[in-house]
Amino acid sequence: MEHDSHHIIPFKTYLNILLGLLFLTVLTVLVAKPVSGFDAGVLNAFIAMLIASVKAGLVAAYFMHLKYDNKLHLALFLISIFFLVVLFAFSWFDIITRIQQLSTL
Amino acid sequence: MSASHAEGKNYLNWEKGLWSWLTTFDHKRIGILYMITVMVFFAVGGTFAMLIRTELFSAGPNIMDANQYNQSMTFHGAIMVFMVIIPGIPAFLGNFFLPMHLGAKDVAFPRINLISWYCLIVGAAITLVSLIYNGADTGWTFYTPYSIETDNGTSWVVFGAFVMGFSSILTGLNFIVTTHKLRAPGMTFFNMPLFVWALYSTAVLQVLATPVLGITLLLLLAERTMGVGIFDPALGGDPVLFQHFFWFYSHPAVYIMILPAMGVVSELITAFSRKVIFGYKAIAFSSVGIAVVSFFVWGHHMFTSGQSEAAGILFSFITMLVGVPTAIKTFNWVATLYKGSIRFDSPLLFALGFLFLFTIGGVTGIMLATIGLNIHFHDTYFVVAHFHYVMVGGTLMAIMGGIYYWLPKMFGRMYNEFWARITFVLIFIGFNVTFFPQFILGAMGMPRRYFDYLPAFESLNKISTFGAWTIGVGFVIALFVIVIAIFKGEKASDNPWGAKTLEWTTASPPPHENFLETPVVTGGPYEFR
């Protein structure tokens, strides 16, 4: 049976990623309206989700080794993301066209 | 030859006692556990079906009241979908034969394989707890807002389905890794039997789609217990959003049910035509094609439930595309039969039954995908007939064919061919007598899910109920045929059908680790002539 070679990630890299994640956590709190008063209107949720996605990406790439792993695993991960986008995009398409259809404006 | 094999040891007598079965990591034994589980649930779900049809034998209340009818319908649907048809082929036949088809000793994660069976059992037990709380009456789709408001055991059924979803995900994950990592030397992707291609495509669906159902059901539970307001319009939610989430899983789930059945049919048709399958790559890629397209069609369940017209048109168009890979398979199967040395044993009869019934199910599916027709047909018995032609006419016919085909390998015993053919005749005729009148009833406007109907629909309903009883008799006889074969059947040779896939090169029943020596593959799976 074949054995994939395992890439050893230096401790310093792990530390940097940890610091990055902590920074992004602080940033999430800072852009939260009840804490800082920062208000981007309809973009509030988008900003929070964007930061969370970057954090998830860092965890997947470094702590879960996707960056150094067999590219097939990366492909499977990206396919999952793609289908999530399909779910959101088609549902959004229905809702947005439904609003246009029903709106009297 | 190993010492254990010389002593007549196989996976059935490798270890003894109930505990050895409940703690086994052997994929074959876990497959048998699934077989027993699925058969028990099928008996329960089938009993509910008989009760429903008996109630509908004539207009007005007959053997139950409206509330009991709604509960029978819900349990029939939930049991048959989550506990029978979804695990039916992948977890039972797939578990047993995927590693053998690949020339492997077991699946990649044997312990996870066992956990997946326990997830099914625990999920089913949780579902049954609902009976203490006056059952559930939402139908297996748990549509909001009713499923939020109804005050009974719905939460238990929803949570049970959530737990059973893990069974499906873990099985799918195991199959993907097994297919990638445990193929015998020389077993390239294009040397794999088509059943493996079908199971692989199914596994991708199980892994990608089932988590969405899990999240959706959790959101529904949160809605019921905490009123979070995602699906409840009174709290700013959108009930149609529930349908989007639900069908994003549940339409691919239809293909989780049918793709493995197509894989079984590919095996049966080539084995009993004694011919190389026509269009191997076309059938293999069409499995993947169906799996991919199935993710983009869920909105066809929602043409009349508030979805926008623009989204409806989009989903209608994409749904039509499913017909392309499906037709590719059907034409290739027919072309395989052409000029084959056909043996009309019961497995092939069931495969031919599949071709006939699934084609009707598929063509009526195209009719339902047409928005204009759907407005008339939606929520009528036309839809009920359509999806039973796909699920029962497709999947259950393939399961029956697969059981008869592989029974000699699984248990080393032959079944009684005469009685097996009788079961085919009863199930096939009974099925058409049950469900074909429902197309007519639907076109006449008889709504589905109702406890009662207008007197004008009575004669066709009577015919339908007679058909259901005929199916019931057919399956009871089939149970006897299978059980008698397992315990008293004639001893089977290693390859009674003269088939070419790897599982037939080993003993019947197979030894503990499937093959005495790891097979080396030098050609395709169907090298007849």
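The structure under discussion appears in the preceding block.
Residues numbered from 1 in each chain as written. Chains lettered and ligands numbered in written order. Predicted model: local features only at pLDDT ≥ 70, side-chain atom pairs only at ≥ 80, totals over all residues. Heavy atoms only, no water.

Looking at the overall build of chain B
And step 1. Along chain B, the regular secondary structure elements total 16 helices and 0 strands.
And step 2. Expected size for 529 residues packed as a compact globule is a radius of gyration near 24 Å; at 23 Å, chain B falls within 12% of this value.
And step 3. If one aligns the C-alpha atoms of chain B with their principal axes, the spans along those axes are about 70 × 45 × 45 Å.
And step 4. Sorting the 529 residues of chain B into buried and exposed places 62% on the buried side.
And step 5. Partitioning the intrachain contacts of chain B with sequence separation of at least 6 by distance along the chain shows that 82% fall at a separation of at least 24.
And step 6. Summed over all atoms, the accessible surface of chain B reaches about 19,200 Å², with 71% contributed by carbon and sulfur.
And step 7. Charge separation in chain B, taken as the distance between the mean sites of 26 positive and 25 negative side-chain charges, equals 14 Å. (Helix = DSSP H or I, 4+ residues; strand = E, 2+ residues; numbered from the N terminus. Rg over C-alpha atoms; globule rule 2.2 N^0.38 Å. Buried < 20%, exposed > 50% of the residue type's maximum accessible area, 1.4 Å probe, protein only. Contact = heavy atoms within 4.5 Å. Areas by Shrake-Rupley, 256 points an atom, 1.4 Å probe, with all protein chains shown as cover. Lys, Arg positive; Asp, Glu negative; His and termini not counted. Charge placed at Lys NZ, Arg CZ, Asp CG, Glu CD.)

What about the overall build of chain A?
And step 1. Along the backbone of chain A there are 4 helices and 0 strands.
And step 2. Listed by position from the N terminus, the elements making up chain A come as α-α-α-α.
And step 3. Against the 2.2 N^0.38 benchmark of 13 Å for 105 residues, chain A shows a C-alpha radius of gyration of 19 Å, more extended than a compact globule.
And step 4. Oriented by its inertia axes, the alpha-carbon framework of chain A measures out at about 65 × 40 × 10 Å.
And step 5. Across the 105 residues that make up chain A, the buried fraction comes to 16%.
And step 6. Residue pairs in contact within chain A that sit at least 24 positions apart in sequence constitute 55% of those at least 6 positions apart.
And step 7. Counting every atom, chain A has about 7,700 Å² of accessible surface; 76% of that belongs to carbon and sulfur.
And step 8. Positive and negative side-chain charges of chain A, numbering 6 and 5 respectively, have mean locations separated by a distance of 12 Å.

Section: the interface of chain B and chain A
And step 1. Each partner contributes residues to the interface: chain B has 23 residues there, and chain A has 18 residues.
And step 2. The largest per-residue losses of area from chain B upon contact with chain A belong to Lys181, Leu208 and Phe296 of chain B, which jointly make up 25% of the total buried on that side.
And step 3. Inspection of the chain B/chain A interface yields 1 salt bridge.
And step 4. Here Arg98 of chain A ties to Asp238 of chain B by a salt bridge, and the two come within 3.2 Å at their closest N and O atoms.
And step 5. Taken together, the links from chain B to chain A amount to 5 residue pairs in polar contact (both at pLDDT 80 or more).
And step 6. Secondary-structure elements contributing two or more residues to the side of chain B that touches chain A are helix 7 (154–181), helix 8 (194–226), helix 9 (239–273) and helix 11 (309–337) of chain B.
And step 7. In terms of residues, the side of chain B that touches chain A owes the most to one element, helix 11 of chain B, which gives 6 residues. (Buried area = accessible area lost by both parts, 1.4 Å probe. Salt bridge = Lys/Arg side-chain N within 4 Å of Asp/Glu carboxyl O. Polar contact = N/O pair within 3.5 Å; in protein donor to acceptor, adjacent residues only side chain to side chain.)

Concerning the side chain of His388 of chain B
All names here are of chain B.
And step 1. In this structure, His388 sits in helix 14 (residues 381–411).
And step 2. The class for His388 is buried, based on a relative accessible area of 14%.
And step 3. Those residues in contact with His388 that sit more than four places away from it in its chain are His76, Gly393, Phe431 and Phe435.

A short note on the pattern of salt bridges
And step 1. Enumeration over the complete set of coordinates arrives at 10 salt bridges over all chains.
And step 2. We note a salt bridge from Arg98 of chain A to Asp94 of chain A, for which the minimum N-O separation is 2.7 Å. Placement of both Arg98 of chain A and Asp94 of chain A in helix 4 (residues 71–102) is noted, with a separation of 4 residues, approximately one turn of the helix.
And step 3. Taking relative accessible area as the criterion, Asp94 of chain A reaches 0% and is therefore assigned buried.
And step 4. The residue Arg448 of chain B makes a salt bridge to Asp379 of chain B at a minimum N-O spacing of 3.8 Å.

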